[in-house]
Amino acid sequence: MNQNKVIQTSEKAETIFRQIDDNTKLGDLRKIAKEIKVDHELAMELWSRGKFLPRLLSILIMDKKLLSEEVLDELVDDMQIHTYDESNNLMDWLLANQLTKNKKLTTLMESWEDSPYALQRRTYWYHQGRLRWTGKTPPNNTSDLVTAIEAKISQEQPEVQWAMNFTAGWIGVYEE
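In this text the structure is predicted, and so the values were computed from the model without any measurement. (Residues numbered from 1 in each chain as written. Predicted model: local features only at pLDDT ≥ 70, side-chain atom pairs only at ≥ 80, totals over all residues. Heavy atoms only, no water.)

So, on to the overall build of the protein chain. Helices and strands together make up the secondary structure of the protein chain, namely 10 helices and zero strands. Of the regular secondary structure in the protein chain, the N- to C-terminal order runs α-α-α-α-α-α-α-α-α-α. With respect to the principal axes defined by its C-alpha atoms, the protein chain has extents near 60 × 30 × 30 Å. Here the contacts in the protein chain between residues at least 6 apart in sequence split such that 64% fall between residues at least 24 apart. Carbon and sulfur atoms make up 49% of the accessible area of the protein chain, which amounts to about 9800 Å² in all. When the 22 basic and 28 acidic side-chain charges of the protein chain are each reduced to a single mean position, those positions are 8 Å apart. (Helix = DSSP H or I, 4+ residues; strand = E, 2+ residues; numbered from the N terminus. Contact = heavy atoms within 4.5 Å. Areas by Shrake-Rupley, 256 points an atom, 1.4 Å probe, with all protein chains shown as cover. Lys, Arg positive; Asp, Glu negative; His and termini not counted. Charge placed at Lys NZ, Arg CZ, Asp CG, Glu CD.)

Now the structure itself:
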């Protein structure tokens, strides 16, 4: 990226950053994102500011084709500065707005059952429950999921336990 583009992106990020405050509603972020469309450099600049609402906006304008395993690990690392609820919210937005929109990212997310990051393990389990909730039940893994839930839930972090329970609940909707 050339120097002028970097400066323009930084200036644009600063302008947007100043528009967002504690009174900004999620719908306002979606409107801003709709105007911007996809702008990965701007997304990463907003993300680097470390604030919750600009990070939600940045998730909406990221280019999913540029979200590698390394980039996702960095994003999850960065989420650790946020409160429990904020980090879970950021990860949920990442799941809904990026990870489920790309087959490569969905495959990556499905490998996170034993990730060292609790947020990624939570996302793995939430995704499994969400597949059932949205009627896209993956074939042949229900018994494996139940076995894993029974074996691991008591040792898991609270956010992962929640997602495991969510999945167990949706398994229960479709199976005895």
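Turning our attention to the packing of helix 8 (residues 118–133) against helix 10 (residues 158–174). Helix 10 packs onto helix 8 with a crossing angle of 15° between their chain directions and a minimal axis gap of 8 Å. Judged by the angle between their axes, helix 8 and helix 10 are roughly parallel. The interaxial crossing formed by helix 8 with helix 10 has left-handed handedness. Within the contact between the two elements, helix 8 uses Ala-118, Arg-121, Arg-122, Trp-125, Tyr-126, Gln-128, Gly-129, Arg-130, Arg-132 and Trp-133 and helix 10 uses Glu-159, Val-160, Trp-162, Ala-163, Met-164, Phe-166, Thr-167, Trp-170, Ile-171 and Tyr-174. Of the residues that constitute the contact of helix 8 with helix 10, the class distribution is 12 nonpolar, three polar and five charged. (Axes fitted to C-alpha atoms, helices over the stretch in contact; angles between N-to-C directions. Parallel < 35°, antiparallel > 145°, perpendicular 65-115°, else oblique. Left-handed = near helix turned anticlockwise from the far one by under 90°. Nonpolar A, V, L, I, M, F, W, Y, C, P; charged D, E, K, R; others polar.)

Here we take up the packing of helix 1 (residues 3–19) against helix 3 (residues 40–48). Direction vectors running N to C along helix 1 and helix 3 enclose 55°, while the axes themselves pass 9 Å from each other. As judged from the angle between their axes, helix 1 and helix 3 are oblique. Read as a crossing pair, helix 1 and helix 3 show a hand that is right-handed. Between helix 1, through Thr-9, Ser-10, Lys-12, Ala-13, Ile-16 and Phe-17, and helix 3, the contact on the second element is made entirely by Glu-41, Leu-42, Glu-45 and Leu-46. Its residues assigned to classes, the contact of helix 1 with helix 3 shows five nonpolar, two polar and three charged.

Along the chain, the position of Lys-103 falls in helix 7 (residues 103–109). Between the alpha carbons of Lys-103 and Phe-52 there is a distance of 27 Å; along the sequence they are 51 residues apart.

Attention now goes to the confidence of the model for the protein chain. Scored by pLDDT, the protein chain comes out at a mean of 93, with 98% of its residues at no less than 70. Confidence scores differ between elements of the protein chain, with helix 1 showing the lowest mean pLDDT of 86 and helix 4 (residues 52–61) the highest of 98. (pLDDT = per-residue confidence, 0-100.)

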